[in-house]
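# Topology and contacts: notes
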Amino acid sequence: WHLAPARARAHEAAGAGVKELTAATFADEVASGDVFFMGYAPWCGHCKNAMPLWNKMGGIVADAAKEAGSAAPTIARVDCTKESALCSGWGVRGYPTFVYANKGGVDGRKYAGARTGKAWREFAMSADARARADAVTFAAAAAAPPPDD
(Lines give C-alpha, C1' and ligand atoms only; values in the text may rest on other atoms or scores of the structure.)
Protein backbone atom coordinates (compact mmCIF):
# COMPACT_ATOMS: atom_id res chain seq x y z
CA TRP A 1 0.00 0.00 0.00
CA HIS A 2 2.94 2.32 0.49
CA LEU A 3 1.26 4.32 3.25
CA ALA A 4 2.59 5.15 6.65
CA PRO A 5 1.06 2.67 9.12
CA ALA A 6 -0.91 5.33 11.02
CA ARG A 7 -2.35 6.72 7.78
CA ALA A 8 -3.29 3.23 6.57
CA ARG A 9 -4.99 2.43 9.90
CA ALA A 10 -6.96 5.67 9.71
CA HIS A 11 -8.27 4.76 6.24
CA GLU A 12 -9.23 1.27 7.37
CA ALA A 13 -10.80 2.19 10.69
CA ALA A 14 -13.66 4.20 9.33
CA GLY A 15 -13.81 2.84 5.80
CA ALA A 16 -12.66 6.37 5.00
CA GLY A 17 -14.37 7.59 1.89
CA VAL A 18 -16.10 4.28 1.08
CA LYS A 19 -19.80 4.88 0.66
CA GLU A 20 -22.54 2.34 1.32
CA LEU A 21 -24.92 2.85 -1.60
CA THR A 22 -28.53 1.87 -2.08
CA ALA A 23 -30.71 1.99 -5.17
CA ALA A 24 -31.88 5.42 -3.98
CA THR A 25 -28.35 6.83 -3.60
CA PHE A 26 -26.57 5.02 -6.44
CA ALA A 27 -28.28 7.02 -9.21
CA ASP A 28 -27.26 10.35 -7.66
CA GLU A 29 -23.70 9.18 -7.07
CA VAL A 30 -23.14 7.88 -10.61
CA ALA A 31 -24.81 10.97 -12.09
CA SER A 32 -22.03 13.10 -10.61
CA GLY A 33 -19.06 10.86 -11.43
CA ASP A 34 -17.57 7.41 -11.85
CA VAL A 35 -18.25 4.80 -9.17
CA PHE A 36 -16.11 1.73 -8.40
CA PHE A 37 -18.19 -0.54 -6.19
CA MET A 38 -18.09 -3.89 -4.49
CA GLY A 39 -21.31 -5.89 -4.65
CA TYR A 40 -21.35 -8.08 -1.55
CA ALA A 41 -23.45 -10.22 0.77
CA PRO A 42 -22.89 -9.88 4.52
CA TRP A 43 -22.76 -13.67 5.00
CA CYS A 44 -20.19 -14.24 2.22
CA GLY A 45 -16.79 -15.41 3.51
CA HIS A 46 -14.89 -14.01 0.50
CA CYS A 47 -16.62 -10.66 1.04
CA LYS A 48 -15.69 -10.65 4.72
CA ASN A 49 -12.07 -11.30 3.74
CA ALA A 50 -12.07 -8.55 1.09
CA MET A 51 -13.94 -5.90 3.12
CA PRO A 52 -11.05 -4.65 5.32
CA LEU A 53 -8.93 -3.97 2.24
CA TRP A 54 -11.87 -2.49 0.34
CA ASN A 55 -12.60 -0.20 3.30
CA LYS A 56 -9.15 1.32 2.84
CA MET A 57 -9.83 2.11 -0.82
CA GLY A 58 -11.79 5.35 -0.48
CA GLY A 59 -9.06 7.28 1.29
CA ILE A 60 -6.25 5.68 -0.65
CA VAL A 61 -7.79 6.41 -4.06
CA ALA A 62 -8.63 9.96 -2.98
CA ASP A 63 -5.01 10.45 -1.87
CA ALA A 64 -3.68 9.00 -5.14
CA ALA A 65 -5.98 11.23 -7.20
CA LYS A 66 -4.93 14.31 -5.24
CA GLU A 67 -1.26 13.48 -5.78
CA ALA A 68 -1.89 12.92 -9.51
CA GLY A 69 -4.05 16.02 -9.84
CA SER A 70 -7.00 14.04 -11.19
CA ALA A 71 -10.54 13.21 -10.17
CA ALA A 72 -11.11 10.11 -8.09
CA PRO A 73 -14.02 7.76 -8.65
CA THR A 74 -16.37 7.20 -5.75
CA ILE A 75 -15.40 4.00 -3.97
CA ALA A 76 -18.50 2.25 -2.70
CA ARG A 77 -20.07 -0.98 -1.58
CA VAL A 78 -23.58 -2.29 -2.19
CA ASP A 79 -25.25 -4.92 -0.01
CA CYS A 80 -26.77 -7.10 -2.72
CA THR A 81 -28.98 -8.93 -0.23
CA LYS A 82 -30.83 -5.64 0.24
CA GLU A 83 -30.31 -4.13 -3.22
CA SER A 84 -30.81 -7.15 -5.48
CA ALA A 85 -32.30 -5.21 -8.41
CA LEU A 86 -29.40 -2.75 -8.43
CA CYS A 87 -26.84 -5.55 -8.26
CA SER A 88 -28.43 -7.72 -10.92
CA GLY A 89 -28.71 -4.69 -13.20
CA TRP A 90 -24.94 -4.32 -13.02
CA GLY A 91 -24.29 -8.00 -13.63
CA VAL A 92 -23.52 -9.04 -10.06
CA ARG A 93 -24.17 -12.79 -9.94
CA GLY A 94 -21.70 -13.88 -7.25
CA TYR A 95 -19.98 -12.28 -4.30
CA PRO A 96 -17.94 -10.25 -4.13
CA THR A 97 -18.18 -8.66 -7.57
CA PHE A 98 -16.34 -5.43 -8.33
CA VAL A 99 -17.83 -3.08 -10.93
CA TYR A 100 -16.61 0.23 -12.35
CA ALA A 101 -19.61 2.33 -13.45
CA ASN A 102 -18.85 5.29 -15.67
CA LYS A 103 -20.42 8.68 -15.00
CA GLY A 104 -24.00 8.65 -16.12
CA GLY A 105 -24.55 5.04 -15.13
CA VAL A 106 -24.95 3.63 -18.62
CA ASP A 107 -21.53 2.08 -19.21
CA GLY A 108 -19.45 0.02 -16.90
CA ARG A 109 -17.18 -2.93 -16.63
CA LYS A 110 -16.60 -5.71 -14.18
CA TYR A 111 -13.20 -5.77 -12.57
CA ALA A 112 -11.52 -9.13 -13.11
CA GLY A 113 -8.01 -8.46 -11.81
CA ALA A 114 -6.21 -9.36 -8.61
CA ARG A 115 -8.02 -8.77 -5.33
CA THR A 116 -5.32 -6.63 -3.79
CA GLY A 117 -5.36 -3.04 -2.68
CA LYS A 118 -2.60 -2.12 -5.11
CA ALA A 119 -4.40 -3.70 -8.09
CA TRP A 120 -7.72 -2.07 -7.18
CA ARG A 121 -6.08 1.33 -6.77
CA GLU A 122 -4.23 1.06 -10.07
CA PHE A 123 -7.42 0.01 -11.85
CA ALA A 124 -9.52 2.76 -10.26
CA MET A 125 -6.99 5.41 -11.27
CA SER A 126 -6.28 4.06 -14.77
CA ALA A 127 -7.47 5.54 -18.02
CA ASP A 128 -8.60 2.00 -18.92
CA ALA A 129 -11.20 2.02 -16.15
CA ARG A 130 -12.59 5.34 -17.32
CA ALA A 131 -12.57 4.59 -21.05
CA ARG A 132 -16.09 4.51 -22.37
CA ALA A 133 -14.92 3.26 -25.75
CA ASP A 134 -14.12 -0.22 -24.48
CA ALA A 135 -16.74 -0.36 -21.75
CA VAL A 136 -19.53 -2.88 -21.79
CA THR A 137 -23.02 -1.46 -21.95
CA PHE A 138 -24.78 -3.66 -19.43
CA ALA A 139 -28.27 -3.03 -20.77
CA ALA A 140 -27.17 -3.99 -24.30
CA ALA A 141 -25.26 -7.02 -23.04
CA ALA A 142 -28.30 -8.24 -21.10
CA ALA A 143 -30.54 -7.85 -24.15
CA ALA A 144 -28.13 -9.48 -26.61
CA PRO A 145 -28.72 -13.10 -27.56
CA PRO A 146 -26.16 -15.57 -26.25
CA PRO A 147 -23.20 -16.18 -28.57
CA ASP A 148 -23.18 -19.30 -30.71
CA ASP A 149 -20.38 -21.47 -29.39
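Reading the values: rules and limits
Residues numbered from 1 in each chain as written. Predicted model: local features only at pLDDT ≥ 70, side-chain atom pairs only at ≥ 80, totals over all residues. Heavy atoms only, no water. Helix = DSSP H or I, 4+ residues; strand = E, 2+ residues; numbered from the N terminus. Buried < 20%, exposed > 50% of the residue type's maximum accessible area, 1.4 Å probe, protein only. Contact = heavy atoms within 4.5 Å. Areas by Shrake-Rupley, 256 points an atom, 1.4 Å probe, with all protein chains shown as cover. Core = buried A, V, L, I, M, F, W, Y, C linked by side-chain atoms within 4.5 Å. Arc of directions from axis to C-beta. Pairing = 2+ DSSP bridges. pLDDT = per-residue confidence, 0-100. Salt bridge = Lys/Arg side-chain N within 4 Å of Asp/Glu carboxyl O.

### Quick notes on the overall build of the protein chain
Of regular secondary structure, the protein chain possesses seven helices and six strands. In the protein chain, which comprises 149 residues, the share counted as buried stands at 46%. Restricting the contact set of the protein chain to residue pairs at least 6 apart, pairs at least 24 apart contribute 71%. Only carbon and sulfur atoms are counted for the fraction: they give 56% of the accessible area of the protein chain, which is about 7700 Å².

### Some points on the nonpolar core
Membership of the largest hydrophobic core comes to 20 residues, with the highest contact counts inside it found for Phe 36, Met 38, Trp 54, Ile 75, Phe 98, Tyr 111 and Trp 120. Elements with a contribution of two residues or more to this core: β2 (35–40), α3 (45–68), β4 (97–101) and α5 (117–125). Per-element accounting of this core gives the leading share, six residues, to α3. Among all residues touching Trp 54, those that are not within four sequence positions of it are Val 18, Phe 36, Phe 37, Met 38, Ile 75, Ala 76, Arg 77, Phe 98 and Trp 120. Core analysis: the second largest hydrophobic core is formed by 14 residues, Leu 21, Val 30, Phe 37 and Ala 76 among them.

### As for helix α2 (residues 23–32)
Within α2, burial applies to Phe 26, Glu 29 and Val 30. Buried residues in α2, looked at end-on, bunch into an arc of 90°, giving them a common side. Residues of α2 that are exposed and point more than 90 degrees away from the buried face comprise Ala 24, Asp 28 and Ser 32. Buried positions along α2 lie against β1 (18–20), β2, β3 (74–79), α4 (84–89) and β4.

### Describing the pairing of strand β5 (residues 107–110)
With three bridges joining them, β4 and β5 adopt antiparallel strand pairing. Its bridge partner lying in β5, Ala 101 is registered against Gly 108. Following β4, the chain reverses through five residues before pairing antiparallel with β5; Gly 104 in that reversal takes a positive phi of roughly 105°.

### Examining unusual backbone geometry
Cis geometry marks the peptide bond from Tyr 95 to Pro 96, where omega comes out at -15°. Looking at the secondary structure, you find Pro 96 in the loop between α4 and β4.

### With respect to the confidence of the model for the protein chain
In the predicted model, the protein chain carries a mean pLDDT of 80, and the fraction of residues at 70 or more is 74%. Contacts from residues 1–14, a stretch scored under 50 in pLDDT, to residues over four places away or in other chains number 23 contacts. Confidence over residues 132–149 falls short of pLDDT 50; this stretch has 21 contacts with residues more than four positions distant or in other chains.

### Some remarks on the pairing of β2
Here β2 lies mainly inside the structure; six of its six residues are buried. Of the two faces of β2, the one carrying Val 35, Phe 37 and Gly 39 and the one carrying Phe 36, Met 38 and Tyr 40 are both buried. Sheet topology note: the β2/β3 ladder contains six bridges and is parallel. Counted as the bridge partner of Val 35 is Thr 74 from β3.

### With respect to the pattern of salt bridges
One pass over the full model with this rule turns up three salt bridges. In this structure, Glu 29 and Lys 19 form a salt bridge, with 3.2 Å as the shortest nitrogen-oxygen distance. A residue pair is termed long-range when its members are at least 10 positions apart, and Glu 29 in helix α2 and Lys 19 in strand β1 qualify at ten residues. Exposure remark for Glu 29: the relative accessible area of 14% places this residue in the buried category. Assessed through its relative accessible area of 39%, Lys 19 is described here as partly exposed. For Glu 122, the salt bridge is made with Lys 118, and the minimal N-O distance between the two is 3.9 Å.

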